[in-house]
Amino acid sequence: MEREMAITGRGEGYVRIAVLASGSGTNLERLARAVEDGEVPVEIALVVSDNHDAYALQRARDHRIPTAVFELEDYPDRPSFDRAIVKALKEARVSLVVLAGYMKLVGPEFVSAFRGRIMNIHPALLPSFPGEHGVEDALEHGVKVSGVTVHFVDEGLDTGPIIAQEAVPVLEGDDKESLLSRIHEAEYRLYPRAVRLFAEGRLLLEGRRVRVLPGAD
Ligand code: GRF
């Protein structure tokens, strides 16, 4: 297989990004705060949701971030829904799309429009426990260590190149809530850092390995 190499991000320390969220948006909240605190050199230019009730939209408004809602039932099919979102992302001139609890698989046209420029966060150590129920599946399987994965998005379900991972131990007596709350704490550390690395042009995609170039930290 031919090895593809690309430097992601512009390395200029300033990147316009969009965040896609379907639900509560706590990762959006932490990212927005990190941006406001000057820890992540990006502008969140747009928050997109596929659910007009998503609390993530309120969080975006609280941070004065523009929002857009695209609901699947308003489109004749899935490709036209994805195309409408891609159009909005292009109009917003974003160079990184950050999925933060976005509960839809991004379609192939969407992936190819932003290849190497879509990130997702998953509440398990991929490639174990992909899909919607990563936390429950890890608990049920009985693993002693789970964690968080940030990865680039490809056409598969949670299969793209891994950018960063953090392990979270599963403790005796953990239930879904207690494990999820420690996983969230790891997410809030890992996602802003991954977005910063992208913005600093420090993520090098080589085949399916993501190398992190050295920087100030
Ligand atoms: C996170 O746990 C993330 O790993 C998963 O969806 C959840 C989103 O939570 N992809 P929130 O909406 O950011 O609170």
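Use the structure listed above.
First things first, this report covers the structure right here in the doc. (Residues numbered from 1 in each chain as written. Predicted model: local features only at pLDDT ≥ 70, side-chain atom pairs only at ≥ 80, totals over all residues. Heavy atoms only, no water.)

**Observations concerning the packing of aromatic side chains**
Between two aromatic rings, the relevant description is the distance of the centres plus the angle of the planes. Under the counting rule described, the total for this entry stands at 2 aromatic pairs. Ring geometry for Y75 versus F81: centroids 5.8 Å apart, planes at 70°, classification edge-to-face. Residue classification places F81 among the buried positions, given a relative accessible area of 0%. Just above the ring of F114 sits the side chain of K90; from NZ or CZ to the centre is 5.5 Å. (Phe/Tyr/Trp six-rings, centres within 6.5 Å; stacked < 30°, edge-to-face > 60°. Buried < 20%, exposed > 50% of the residue type's maximum accessible area, 1.4 Å probe, protein only. Lys NZ or Arg CZ within 6 Å of the ring centre and 35° of its normal.)

**Observations regarding the site of the ligand**
In the vicinity of the ligand, the contacting residues are S24, G25, T26, N27, G101, I121, H122, P123, H184 and E187. One of the backbone nitrogen or oxygen atoms of G25 is found 2.7 Å away from an oxygen atom of the ligand. Within the backbone of I121, a nitrogen or oxygen atom sits 2.9 Å from a nitrogen atom of the ligand. For the ligand, whose accessible area on its own is 370 Å², the fraction buried by protein is 84%. Those elements that provide at least two residues to the shell around the ligand are α1 (26-36), β6 (118-122) and α6 (176-199). Per-class residue counts for the shell around the ligand are 2 nonpolar, 7 polar and 1 charged. (Near = heavy atom within 4 Å. Polar contact = N/O pair within 3.5 Å; in protein donor to acceptor, adjacent residues only side chain to side chain. Areas by Shrake-Rupley, 256 points an atom, 1.4 Å probe, with all protein chains shown as cover. Helix = DSSP H or I, 4+ residues; strand = E, 2+ residues; numbered from the N terminus. Nonpolar A, V, L, I, M, F, W, Y, C, P; charged D, E, K, R; others polar.)

**Describing the pattern of salt bridges**
On inspection of all chains with the given rule, the structure shows 14 salt bridges. K87 is the partner of E91 in a salt bridge, and the nearest nitrogen-oxygen pair spans 3.2 Å. Of this pair, E91 and K87 both sit in helix α3 (residues 78-91), 4 residues apart, which is roughly one turn of that helix. In terms of burial, E91 and K87 fall into one category: exposed. A salt bridge links R182 to D174; the shortest N-O distance between them is 2.7 Å. Look at the salt bridges and you will find they share partners, linking E29, R33 and R59 into a network. (Salt bridge = Lys/Arg side-chain N within 4 Å of Asp/Glu carboxyl O.)

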